[in-house]
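# Structural characterization, general
Residue-level listing of the chains:
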Amino acid sequence: MNHPPVTLPRLTALLRQAVPRLLEGVVAPLAVFYAALAVLGLNGALAAAVSWVYLGVAWRLIRGIRVPATMILAAIAITARAAVGFWTGSWVVYFIQPELGTLCISMAFLASVRLNKPLVQKLTLDYIHLPSAVLKHERVRRFFARITLLWAFVLMANSTVSIWLALHESLSAFMLLRTSAVAVISGLAIVFSIFAFKRVLRRLQVAHT
């Protein structure tokens, strides 16, 4: 293949980019919700969680930073979730809603493999440029298909664990156990995906030097 070498950033650099987003999008909302729950009760916690997301949007608008489409979707989603939570008065309903959506996404991942259009490849190309010659290579295509399958089952596992915990544990236990379980499962999958991706690209470069 005639293409320039593909260089991926070091794992530490990838983590430096991912950790702030993880803290803002996952850890902080849970911390805000739990802190507000202890002081203001369920309705106050729901309002605080919604406010956190919209504050993030407002902060970007004020500073002239582009608001990602995913953040806008997250704001819409959490507003709908909170509305249902207010209406039902149940924290279980509030937390189960996104898990049902995640199960649907995992099904979309599986379907994308069946259609030979793995979603992980599309998501990867949003952050890393890969030459078309690389994307057409059979080894790369197999890699993206297998990693998409991996993430379909990771999403399914995360949602299944979360729903089970929501139905069988108290709110405090749910937040602690669910956060820990999702962090471990997703963290291992992320590290494996990055190293597997680097390994595939290294083999391609060695094979064509």
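Below: a short report on this structure. (Residues numbered from 1 in each chain as written. Predicted model: local features only at pLDDT ≥ 70, side-chain atom pairs only at ≥ 80, totals over all residues. Heavy atoms only, no water.)

### Focus on the overall build of the protein
Our working definition: Under the scheme used here, helices are H or I runs from DSSP no shorter than 4 residues and strands are E runs no shorter than 2 residues, and both carry numbers assigned from the N terminus. The Shrake-Rupley method, run with a 1.4 Å probe sphere, supplies the accessible areas, and residue values consider only the shown protein chains as cover.
When you go through the protein residue by residue, the secondary structure sums to 7 helices and 0 strands. Ordered by position in the sequence, the α and β elements of the protein form the string α-α-α-α-α-α-α. Working note: accessible area of the protein is about 12,800 Å², and carbon and sulfur atoms make up 69% of it.

### Digging into the pattern of salt bridges
Which entries qualify depends on this criterion: Definition used for salt bridges: Asp or Glu carboxyl oxygen within 4 Å of a side-chain nitrogen of Lys or Arg.
Tallied over the full model, the rule gives 1 salt bridge. We note a salt bridge from R178 to E99, for which the minimum N-O separation is 2.8 Å. Of this pair, R178 sits in helix 7 (residues 171-207) while E99 sits in helix 3 (residues 91-114), placing them 79 residues apart in sequence.

### Considerations on the nonpolar core
So the rule is basically this: Think of a nonpolar core as a cluster: buried Ala, Val, Leu, Ile, Met, Phe, Trp, Tyr and Cys residues, connected wherever their side-chain atoms sit within 4.5 Å. Type-normalised accessible area, obtained with a 1.4 Å probe on protein chains alone, sets the label of each residue: buried when under 20%, exposed when over 50%, and partly exposed for intermediate values. By definition, residues are in contact when any of their heavy atoms lie within 4.5 Å.
Ranked by internal contacts, the top residues of the largest apolar core, which has 24 residues, are F33, W91, Y94, F95, L171 and F174. Every element with two or more residues in this core is listed here: helix 1 (11-62), helix 2 (69-88), helix 3, helix 6 (138-168) and helix 7. No other element matches helix 1, which puts 10 residues into this core. Beyond its immediate sequence surroundings of up to four residues, W91 is in contact with L42, A166, E169, S170, L171 and F174. Grouped together as the second largest cluster of nonpolar side chains are 17 residues, F143, L155, L201 and L204 included.

### Observations regarding a positive patch on the surface
To be explicit about the condition: Patch membership requires over 30% relative accessible area and the absence of a salt bridge. Like charges are linked within 9 Å, and nonpolar side chains (Val, Leu, Ile, Met, Phe, Trp, Tyr) within 5 Å. We count Lys and Arg on the positive side and Asp and Glu on the negative side, and we leave His and both chain ends out. Think of each charge as sitting on NZ of Lys, CZ of Arg, CG of Asp or CD of Glu.
A contiguous patch of positive charge on the surface is contributed by R139, R142, R146, R199, R202 and R203. Elements supplying a minimum of two residues to the positive patch: helix 6 and helix 7. Looking at the secondary structure, you find R199 in helix 7.

### Points about the packing of helix 3 against helix 6
What counts here: Axis definition: a line fitted to C-alpha atoms, over the contacting stretch in the case of helices. Angles run 0 to 180 degrees between N-to-C directions. Here roughly perpendicular refers to angles of 65 to 115 degrees, roughly parallel to angles under 35, roughly antiparallel to angles over 145, and oblique to all remaining angles. Left-handed is the label given to a crossing in which the near helix is rotated counterclockwise from the far helix by less than a right angle, and right-handed is the label when the rotation is clockwise. Note on residue classes: Ala, Val, Leu, Ile, Met, Phe, Trp, Tyr, Cys and Pro are nonpolar, Asp, Glu, Lys and Arg are charged, and everything else, Gly too, is polar.
Relative orientation of the contacting elements helix 3 and helix 6 amounts to 160°, with a least axis distance of 8 Å. In terms of orientation, helix 3 and helix 6 fall into the roughly antiparallel class. For helix 3 against helix 6, the interelement crossing comes out left-handed. Among the residues forming the contact of helix 3 with helix 6, the class breakdown is 20 nonpolar, 7 polar and 1 charged.

### So, unusual backbone geometry
Unusually for a residue other than glycine, N116 sits at a positive phi of about 60°. Within the element layout of this structure, N116 appears in the loop between helix 3 and helix 4 (119-125).

### Details of the packing of aromatic side chains
Selection rule: For Phe, Tyr and Trp, rings pair up if their centres lie within 6.5 Å, where Trp contributes its six-membered ring, and each pair is then called stacked (planes under 30 degrees apart), edge-to-face (over 60) or tilted (otherwise).
Inspection of the entire model under this criterion finds 9 aromatic pairs. A ring pair is formed by F33 and F95, whose centres lie 5.2 Å apart and whose planes are at 80°; its orientation type is edge-to-face. With F33 in helix 1 and F95 in helix 3, this residue pair connects regions lying 62 residues apart in the sequence. Residue F33 is classed as buried on the basis of its relative accessible area of 1%. When its relative accessible area of 8% is taken as the criterion, F95 is described as buried.

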